[in-house]
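A look at the structure
Here is what each chain is made of, one letter per residue.
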Amino acid sequence: MSTFLSITFSGLALAGVYFLCAAGLTLIFGLMDILNFAQGAFITLGAYAAYELSLHLPMSVGTVPIFLLAIVGAIIGGALAAGITEVVLIRPLYGRPMSQVLVTIGLDLAIVALLEGIFGSNEVAISVPTWVNGATHIGQVVLPNAAFLALGAGVIVLVSLEMFLRRTRYGIIIRAGVENRGMVSALGIDVGRAFTLVFVIGGALAGLAGLLNTIAFNSDFVTPIQGDSLLIFTFIVVVVGGLGSIRGAAVAAVGIALLQNYTNYYLGNHPGWSQVGNLSVVLLLAVVLSVRPRGLFASVA
Amino acid sequence: MSSALDLRDLHVTIAGSHVLQGVTFDVPQGGVTALLGRNGVGKTTTLRAILGLVPSTGDIRVLDHDVSGMATHRITRIGVAYVPEDRDVFSGISVNQNLRLAEQIADPRYDEVYALFPELKTRGKQLAGTLSGGQQQMLSIARALLNRWPLMLVDEPSKGLAPKLVTEFAAVLERAAESATVLLVEQNLSVVRRLAHRIVILDHGEVVHIGEASDLGDETFVRGLLGVGGAS
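Residues numbered from 1 in each chain as written. Chains lettered and ligands numbered in written order. Predicted model: local features only at pLDDT ≥ 70, side-chain atom pairs only at ≥ 80, totals over all residues. Heavy atoms only, no water.

Some details on the overall build of chain B
Note the following rule: Helical segments are the DSSP runs of H or I of at least four residues, strand segments are the runs of E of at least two, and each set is numbered from the N terminus. Throughout, the radius of gyration refers to the C-alpha atoms, and the reference size of a globule is 2.2 Å times the residue count to the power 0.38. Relative accessibility thresholds used throughout: buried, under 20% of the residue-type maximum; exposed, over 50%; partly exposed, between the two (1.4 Å probe, protein chains only). Contacts: residue pairs with any heavy atoms within 4.5 Å of one another. All tallies of charge rest on Lys and Arg as positive and Asp and Glu as negative; His and the ends of each chain are not included. By convention, charge coordinates are those of NZ in Lys, CZ in Arg, CG in Asp, or CD in Glu.
What chain B contains, in helices and strands, is 9 helices and 10 strands. Against the compact-globule benchmark of 17 Å for 232 residues, chain B has a radius of gyration of 17 Å, which places it among compact chains. In terms of principal-axis extent, the alpha carbons of chain B reach across some 45 × 40 × 35 Å. When burial is assessed residue by residue, chain B has 53% of its 232 residues classed as buried. In chain B, the proportion of contacts linking residues at least 24 apart, taken out of those at least 6 apart, comes to 68%. Counting 22 positive and 26 negative side-chain charges, chain B places the averaged centre of each group 7 Å from the other.

Written out as structure tokens, the structure is:
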């Protein structure tokens, strides 16, 4: 039973990371009809921004403040990269969605190559406080502390995004824009600002996800391709949840991460079955799309 | 100011189809001008082109501003209200939030809107997607009335509504036209006769007639250009 609870907790933490990666992506698609393949690069950039800060800040600052600053750095790094991408590359291509998709694919490849050029293709390690690499014992159940951070961040972001989308004018503009952005413009609202805001939010959350994935599931190591490794599952979360739906992304993230963890643990030890967790996720995608082609929650932000 | 709206040689191509083929007409200040024609001749596309919702070529002047190539939200802020063909209320947000999104001036005319449509006040917290068709049309027109814009583009407000509601909405538009210029796309000729003083008829993406609303009294004329009986 304690093993099952540990796997469940780890799955929920993974769901937190998936949700952080997917939240921005699903809003970007819902509002702008863009599948943003550069999201993987934003995830990676966030992790490297945290690495750079943890490397260069003087130790006299203290490990906990350095780690907190690294979190802020990851968020700002992702947000900046996404904001610049939207303004410089995406905005000139409004009305040409295929070109926008191709630009994001090219940007993702370019950023990975750039990071490999700067940091090498080998992994680099982020320094984190001792507590982050420790574990909390509740009876027989061992719960990694980093997983608490990933799960907590996912929950906080979900609640914050829901409040933002339901209670603020820009949140309402985004929800309305997901339904019918032409009509939002026809009411006199500059949807372009909402586009930039959504991109920045998506990038910030991706950057945070990059750091949390590093400490919770990658033994504190950052690699240039870690974002792209997450991106495939992020897209599956977005599609299963319903393009444009934050709640759908949250539900799908939990379902997919738990399924992946359970199948990996209980079936993955059989010879030749090491990828069964990934296979189960793809099968889930196929089943959901055959029953609900528009995902679990279609376009309701 | 000569006219509220002036279109010159407007062309629109959608998915390879040349929908508007040099549409030219103007809408004088005040009152209701009806844009008529059979289904698919380009009436809705004309309204969408004026607002920049579809790419177009040609000259478009709105309230003495050249808006050709301008972003939709900038055109609207010049002073254009829009009631789209299918209401296009935002179904996932509340009635109040739909109205809030439409606010573009410091003092939106909520008192007048609620006086016209009291139901919108009592149903303020209801999701717009759960309203009836008539209530959604109230909301769509209310959004257009909030800002005292001088030009209203109204697309088939009677579509799919019961006769009693059609009469009510016609009365609301009649009142709105006392302080604004209205370009009305409408298939219901009794509504057109009641509201419009001027008509513009499109056929195959071109203007084929500009005249007075009284022209609609000629049965042969109506059948020839609109394909419907004069009494409809």
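Once the structure has been displayed, the description carries forward.
Let's talk about the overall build of chain A
Note the following rule: Per-residue and other accessible areas follow the Shrake-Rupley method at a 1.4 Å probe size, with only the shown protein chains counted as cover for residues.
Helices and strands together make up the secondary structure of chain A, namely 11 helices and 4 strands. Taken against the 2.2 N^0.38 rule, which gives 19 Å for 301 residues, the C-alpha radius of gyration of chain A at 19 Å falls within 12% of a compact globule. Each of the three principal axes of chain A carries a C-alpha extent, and together these read 60 × 50 × 35 Å. A separation threshold of at least 6 residues defines the contact pool for chain A, and within that pool the share at least 24 residues apart is 76%. Split by element, the accessible area of chain A, about 12500 Å² in all, is 70% carbon and sulfur.

Topic: the sheet that holds strand β7 (residues 151-155) of chain B
Residue and element names in this part refer to chain B. Operational definition: At least two DSSP bridges between two strands are needed for those strands to be called paired. For helices, the fitted line uses only the C-alpha atoms of the stretch in contact; every axis is such a line through C-alpha atoms, and the angle between N-to-C directions lies from 0 to 180 degrees.
One open sheet holds the 6 strands; their spatial order is β6-β7-β8-β3-β9-β10, and the pairing between them is mixed. At either margin of the open sheet sits one strand with a lone partner, and together these are β6 (80-83) and β10 (206-212). For this sheet the average axis-to-axis angle between neighbouring strands, irrespective of direction, equals 15 degrees. For strand β3 (residues 31-36) and strand β8 (residues 181-185), the ladder comprises 5 bridges, and the chain directions are parallel. Bridging from a neighbouring strand, G31 pairs with T181 of β8. Across the sheet, helix α2 (residues 72-79) lies against β6 and β7, angled at about 110 degrees from β6, the strand it touches most.

Here we look at unusual backbone geometry
Residues and elements named next belong to chain A. Here the phi dihedral of D220 falls at roughly 70 degrees; this positive angle occurs in a residue that is not glycine. As for its placement among the helices and strands, D220 is situated in the loop between α8 (191-217) and β4 (221-222). Classification of D220 as buried rests on a relative accessible area of 8%.

Some points on empty space enclosed by the protein
The test is simple: Of the two site types, the cavity is a set of points on a 1 Å grid over the protein atoms alone where a 1.4 Å probe fits but cannot get out, and the pocket is an open set with protein on both sides within 12 Å along at least five of seven lines, each lined by residues with an atom within 4 Å of a point. Grid points are joined across faces, edges and corners, and a volume is the space filled by probe spheres set on the points. When residues are grouped by polarity, Ala, Val, Leu, Ile, Met, Phe, Trp, Tyr, Cys and Pro land in nonpolar, Asp, Glu, Lys and Arg in charged, and all others, Gly among them, in polar.
Scanning the model with the defined rule gives 4 cavities of 30 Å³ or more in all. Along the walls of the largest cavity sit A:A186, A:L187, B:T76, B:V80, B:A81, B:Y82, B:A102, B:R143, B:A144, B:N147 and B:W149, which together make up its complete lining. Listed by contribution, the elements that provide at least two residues to the lining of the largest cavity are β6 and α6 (133-145) of chain B. Per-element accounting of the lining of the largest cavity gives the leading share, 3 residues, to β6(B). In the lining of the largest cavity, the residues fall into 8 nonpolar, 2 polar and 1 charged.

Digging into the packing of helix α3 (residues 63-90) of chain A against helix α4 (residues 97-119) of chain A
Residue and element names in this part refer to chain A. Stated formally: Here is the rule for angles: anything less than 35 degrees is roughly parallel, anything more than 145 is roughly antiparallel, 65 through 115 is roughly perpendicular, and the remaining ranges are oblique. Handedness of a crossing follows from how the near helix is turned relative to the far one, being left-handed for an anticlockwise turn of less than a right angle and right-handed for a clockwise one.
Where α3 contacts α4, the two axes come as close as 11 Å, and the packing angle between them is 130 degrees. Taken together, the axes of α3 and α4 lie oblique to each other. The crossing of α3 and α4 is right-handed. Together, T85, L89 and I90 of α3 and Q100, V103, T104 and L107 of α4 make up the contact between the two elements. Of the residues contributing to the contact of α3 with α4, the split by class is 4 nonpolar, 3 polar and no charged.

Comments concerning the pattern of salt bridges
What counts is decided by this rule: We count a salt bridge whenever a side-chain nitrogen from Lys or Arg sits within 4 Å of a carboxyl oxygen from Asp or Glu.
All told, the structure shown has 13 salt bridges over all chains when counted by the stated rule. For A:R247, the salt bridge is made with A:E162, and the minimal N-O distance between the two is 3.3 Å. A residue pair is termed long-range when its members are at least 10 positions apart, and A:R247 in helix α10 (residues 246-267) and A:E162 in helix α6 (residues 145-167) qualify at 85 residues. Accessibility expressed as a relative area gives 12% for A:E162, which makes it buried. The residue B:R194 makes a salt bridge to B:E174 at a minimum N-O spacing of 2.9 Å. With B:R194 in helix α8 (residues 189-195) and B:E174 in helix α7 (residues 163-176), this pair connects stretches of sequence that are 20 residues apart.

So, the interface of chain A and chain B
Condition: By convention, the term buried area covers the 1.4 Å-probe accessible surface removed from two parts as they join, with the contributions of both added. Nitrogen and oxygen atoms within 3.5 Å of one another constitute a polar contact, given that in protein one can donate a hydrogen and the other can accept it, and given that sequence-neighbouring residues count only through two side-chain atoms.
Chain A puts 17 residues into the contact, and the matching count from chain B is 20 residues. Between chain A and chain B, the buried area comes to about 1700 Å², and carbon and sulfur atoms account for 58% of it. Counting every contact that joins chain A to chain B gives 0 salt bridges. Inspection of the chain A/chain B interface yields 10 residue pairs in polar contact (both at pLDDT 80 or more). It is helix α7 (residues 169-186) of chain A that contributes the most residues to the side of chain A that touches chain B, 12 residues altogether. Of the residues belonging to the side of chain A that touches chain B, the class tally is 8 nonpolar, 4 polar and 5 charged.

Purely geometric numbers; function is a separate question.
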